[in-house]
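Structural description and commentary
Residue-level listing of the chains:
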Amino acid sequence: MKPRAFVKVGVFLACLMPFILLLVALAMGTLSANPIQDITQETGVWTLRFLLIALCVTPLRKLSGWNEIIKFRRMLGLFAFFYGFLHLMTYLWLDQFFSVPEIMHDVVKRPFITAGTAGFLLMVPLAVTSTRKWISRLGGKRWQLLHRLVYFSAGAAVAHYLWLVKADIQRPVAYAVVLSTLIAYRLFDALHSRRVAEQRLGRGAVLSYSRLHD
Ligand code: HEM
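To keep things clear, this report deals only with the structure shown in the data block. (Residues numbered from 1 in each chain as written. Predicted model: local features only at pLDDT ≥ 70, side-chain atom pairs only at ≥ 80, totals over all residues. Heavy atoms only, no water.)

Volume-wise, the second largest pocket comes out at about 1,100 Å³. Those elements that place two or more of their residues in the lining of the second largest pocket are helix H2 (35-64), helix H3 (73-95), helix H4 (100-109), helix H5 (111-128) and helix H8 (149-164). The element contributing the most residues to the lining of the second largest pocket is H2, with 11 residues. (1 Å grid on protein atoms, 1.4 Å probe; cavity = no way out; pocket = protein on both sides within 12 Å on 5 of 7 lines; lining within 4 Å. Points joined across faces, edges and corners; volume = space filled by probe spheres on them. Helix = DSSP H or I, 4+ residues; strand = E, 2+ residues; numbered from the N terminus.)

Among the 22 residues in the neighbourhood of the ligand, the closest are listed as Gly44, His87, Ala157, His160 and Arg171. Note that an oxygen atom of the ligand is positioned 3.5 Å from one of the side-chain N or O atoms of glutamine 37. Note that an oxygen atom of the ligand is positioned 3.5 Å from one of the side-chain N or O atoms of glutamine 41. Because more than half of its atoms lie within 2 Å of the grid, the ligand is assigned to the second largest pocket. (Near = heavy atom within 4 Å. Polar contact = N/O pair within 3.5 Å; in protein donor to acceptor, adjacent residues only side chain to side chain. Sits in = over half its atoms within 2 Å of the grid points.)

Turning our eyes to something else, we now look at the coordination of the iron atom of the ligand. Within the protein, His87 (NE2) and His160 (NE2) serve as the donor atoms for the iron atom of the ligand, at 2.0 Å. Considering all 6 donor atoms around the iron atom of the ligand, the spread of angles at the metal, 88 to 180 degrees, places the coordination shape in the octahedral class. Of this pair, histidine 87 sits in helix H3 while histidine 160 sits in helix H8, and the two are 73 residues apart along the sequence. (Donors = N, O, S within 2.8 Å, 3.2 Å for Na, K, Ca; no water. Tetrahedral: all angles 85-135°; square planar, octahedral: opposite > 155°, others 65-115°.)

We now examine H3. Under the 1.5 Å per step criterion, the end-to-end length of H3 is 32 Å for 23 residues, consistent within 8% with the ideal 33 Å. Residues of H3 that are buried: Met75, Leu76, Phe79, Ala80, Tyr83, Gly84, His87, Thr90, Tyr91 and Leu92. For H3, the elements touching its buried residues are helix H1 (3-28), H2, H4, H5 and H8. Taken from the residues just after H3, phenylalanine 97 is the one with a positive phi, measuring 50 degrees. (Expected span 1.5 Å × (residues − 1). Buried < 20%, exposed > 50% of the residue type's maximum accessible area, 1.4 Å probe, protein only. Contact = heavy atoms within 4.5 Å.)

For the structure shown, the criterion picks out 10 aromatic pairs. On the numbers, 5.9 Å between centres and 40 degrees between planes, the contact of tyrosine 161 with tyrosine 175 is tilted. Within this pair, whereas tyrosine 161 is found in helix H8, its partner tyrosine 175 is found in helix H9 (residues 170-201), the two being separated by 14 residues in sequence. Here tyrosine 161 falls in the buried class, since its relative accessible area comes to 12%. Relative accessible area serves as the criterion here: at 13%, tyrosine 175 is assigned to the buried category. Three or more aromatic residues joined by ring pairs make a cluster, and in this case those are Phe12, Phe19, Trp46, Phe50, Phe79, Phe82 and Tyr83. The ring of tryptophan 46 has arginine 49 lying over it, and the distance from NZ or CZ to the ring centre is 4.6 Å. (Phe/Tyr/Trp six-rings, centres within 6.5 Å; stacked < 30°, edge-to-face > 60°. Lys NZ or Arg CZ within 6 Å of the ring centre and 35° of its normal.)

The next thing to look at is the pattern of salt bridges. What the rule picks out here adds up to 4 salt bridges. Here aspartate 189 ties to lysine 62 by a salt bridge, and the two come within 2.6 Å at their closest N and O atoms. Of the two residues, aspartate 189 is situated in helix H9 and lysine 62 in helix H2; the sequence distance between them amounts to 127 residues. Given a relative accessible area of 12%, aspartate 189 falls into the buried group. On the basis of relative accessible area, lysine 62 is assigned to the partly exposed category, the value being 40%. Lysine 71 is paired through a salt bridge with glutamate 68; the nearest N and O atoms lie 3.0 Å apart. Taken together, the shared-partner salt bridges connect Arg4, Glu68 and Lys71 into one network. (Salt bridge = Lys/Arg side-chain N within 4 Å of Asp/Glu carboxyl O.)

Next comes the structure, spelled out in structure tokens:
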């Protein structure tokens, strides 16, 4: 196996580990007295972590110059979707027994469920269009624009977490800080690139530069 493929398999297995550990804990009966809540919490928190880890890829690549890392972004994003799907299924199946009236009531009346649903639904087009075929079908620029939805998905996910905790908001706030930092970096980077282009190319060329890089 080539070293690059070896690393890819390693990253894949590392991403799968929370799921494997959850299955092991379930099989060994080492979850708490409320295993459904444990599964919901574990899958929820890993969805959020993978969303944020995927969002870290571009800043890491730009700051470190380690371009190879971009090859893992799709896998990390799809793992966020995978854990999100498990999280949603735990709620729909194990928590609500697919009772449509109960689920609709929750989606409309409980703001944290509304935010979570929005966060998950926003991930669907991202997962669907994550293939090379979709990139060429949409064109790089439109694809990039669509994939900025990931920031809204992560925002809804953080709101979901902040809304559902009753007392200790330390953990959701920590995730909110990480997300805000990533968004601030993205905005700063966009402004900086524009300014550099303005200085290098002169005002007239900025328009064509932003067409290429935005
Ligand atoms: C982007 C999508 C989502 C993310 C990132 C996410 C994340 C989370 C997180 C971090 C938690 C708390 C875990 C903990 O307490 O340690 C959680 C709990 C929960 N989530 Fe989500 N969630 C998402 C979507 C959804 C959806 C679509 C639903 C249902 C429609 C849902 C229902 C729940 C429920 C019922 C809980 C447990 C609340 C409790 O313990 O009282 N989530 N979620």
